[in-house]
Amino acid sequence: MKVDVISCILDLLQSNQKVVLPGLGQWQTNNHPAEIKTDRIYPPYKSILFNEKADGSESLAQCIRERYKISKKGADQVVQRFSKLIINRLVNYKEVYIPKLGTLKSGSGKTLNFEEEQPNLLNMAKNYLPSFGLIPVEPKEIQNTIPVKVTPNPIMASTNKINQSNTSSSNPAYYEDEKGCLARFFWPLFWLLLLAIVCIYGLKKCASLSQSVSGDKAGLVNDNTYSESNDGNSGDQAGNANETNSLEIFDALKEYLLSEINDIPDAIFEQGCIIIVGSYGKSKNVIRMKSQLRSQGKDVYTQVLPNGLTRVGFNLDCDRGMVKELIENARNNINAQAWYLKPKIKVAYR
């Protein structure tokens with residue numbers, strides 16, 4: 001059973017827990033608050049810190065034990081092996097890259113320096129969340145007035161009432177223009193809509209990055225080789241569906257039997273034949289087969305299929321009488337599942 005230690009490390013750091021590796025130190029998250037620089041405000045984010053002084057936390061072994069349903073002793077052994085692997089690489093190469101986390105380097109004075117990967121699952125807010133500009137507000141001067149208490153005079157009060165009645169009838173009143181509902185709420189709604197669009201874009205970016213990072217493995221290569229048979233009703237017809245035919249008599253999509261070889265025009269054999277010796281999903285397997293064919297002096301042929309597989313074969317001169325002999329030689333010396341791609345001739349396996 002394969003245990004993904006790095007996935008547990010990232011989950012613990014995202015939940016603000018410390019991760020300790022014996023003999024190395026501990027990783028922990030550092031929360032950076034929102035920051036205002038000049039006229040912009042930047043969102044909060046997290047970063048990863050490394051400290052050689054560890055407090056003996058067993059959170060990593062507990063995460064492995066709960067996720068993969070193994071014993072405490074087995075989880076502790078996994079953590080020990082992972083820590084030992086990193087220490088050996090530090091001793092041999094002075095630095096080691098931990099996928100999705102960062103690079104640990106052995107500095108002068110036997111100190112360890114850690115550089116976190118940019119960006120990663122924790123600090124992606126720093127790179128993908130937007131910053132916002134601040135609009136300065138002009139201060140207004142407010143004059144403080146001290147109320148003065150005045151004793152009322154009945155004669156002056158009556159005179160003031162008369163004057164107020166006269167001025168109210170003579171002086172016109174001025175009113176401000178009333179704004180409509182759309183004019184009053186346009187800018188607040190506009191900024192809210194813009195903020196919603198930016199947040200949706202940021203969330204999509206974060207989700208796509210999270211899926212790409214979580215889909216990686218811990219640096220281990222699976223040597224899975226995919227093979228493809230010469231079944232004319234499946235991959236062969238799909239791979240040759242786009243081939244054009246310059247001769248009306250010859251059907252490039254049809255797989256001919258040896259008994260029907262006389263139905264194939266001579267012009268097809270003059271163009272040469274192609275024998276496919278294998279289809280692979282891993283590039284290293286494609287390179288190995290191409291090297292093997294080149295070592296035998298073959299003219300290498302490759303074709304990438306829509307399903308991700310790569311066909312590997314070779315071009316050769318052929319005629320009607322040599323069809324069976326050539327494919328049998330390829331099956332005996334290279335791959336027992338070799339088959340004809342051009343022309344499509346079905347030769348039974350032994």
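Cut-offs used in this document
Residues numbered from 1 in each chain as written. Predicted model: local features only at pLDDT ≥ 70, side-chain atom pairs only at ≥ 80, totals over all residues. Heavy atoms only, no water. Core = buried A, V, L, I, M, F, W, Y, C linked by side-chain atoms within 4.5 Å. Buried < 20%, exposed > 50% of the residue type's maximum accessible area, 1.4 Å probe, protein only. Helix = DSSP H or I, 4+ residues; strand = E, 2+ residues; numbered from the N terminus. Contact = heavy atoms within 4.5 Å. Salt bridge = Lys/Arg side-chain N within 4 Å of Asp/Glu carboxyl O.

Participant: Please give an account of the nonpolar core that cites residues and values.
Facilitator: In this structure, Trp27, Leu60, Ile64, Ile86, Leu101 and Leu104 are the most contacted members of the largest nonpolar core, which totals 35 residues. Broken down by secondary-structure element, the contributors of at least two residues to this core are helix H1 (5–14), strand E1 (19–21), strand E5 (45–51), helix H2 (59–68), helix H3 (72–93), strand E6 (95–98), strand E8 (112–116) and helix H6 (181–214). For this core, the leading source of residues is H1, giving 7 residues. The contact partners of isoleucine 86, leaving out residues within four places of it in the chain, are Leu21, Leu24, Val96, Ile98 and Leu104. If you look at the next biggest cluster of nonpolar residues, it comprises 25 residues, including Ile268, Phe269, Val286 and Val323.

Participant: Describe the pattern of salt bridges, and please don't skip the residues or the numbers.
Facilitator: This model, assessed by the stated rule, comprises 4 salt bridges. The shortest N-O distance in the salt bridge between glutamate 115 and lysine 105 comes to 3.7 Å. Separated by 10 residues along the polypeptide, glutamate 115 in strand E8 and lysine 105 in strand E7 (residues 102–106) bring together distant segments of the chain. Taking relative accessible area as the criterion, glutamate 115 reaches 46% and is therefore assigned partly exposed. In this structure, the salt-bridge partner of arginine 320 is aspartate 266, at a minimum N-O distance of 2.4 Å. Of the two residues, arginine 320 is situated in the loop between strand E13 (310–316) and helix H10 (323–333) and aspartate 266 in helix H8 (residues 266–270); the sequence distance between them amounts to 54 residues.

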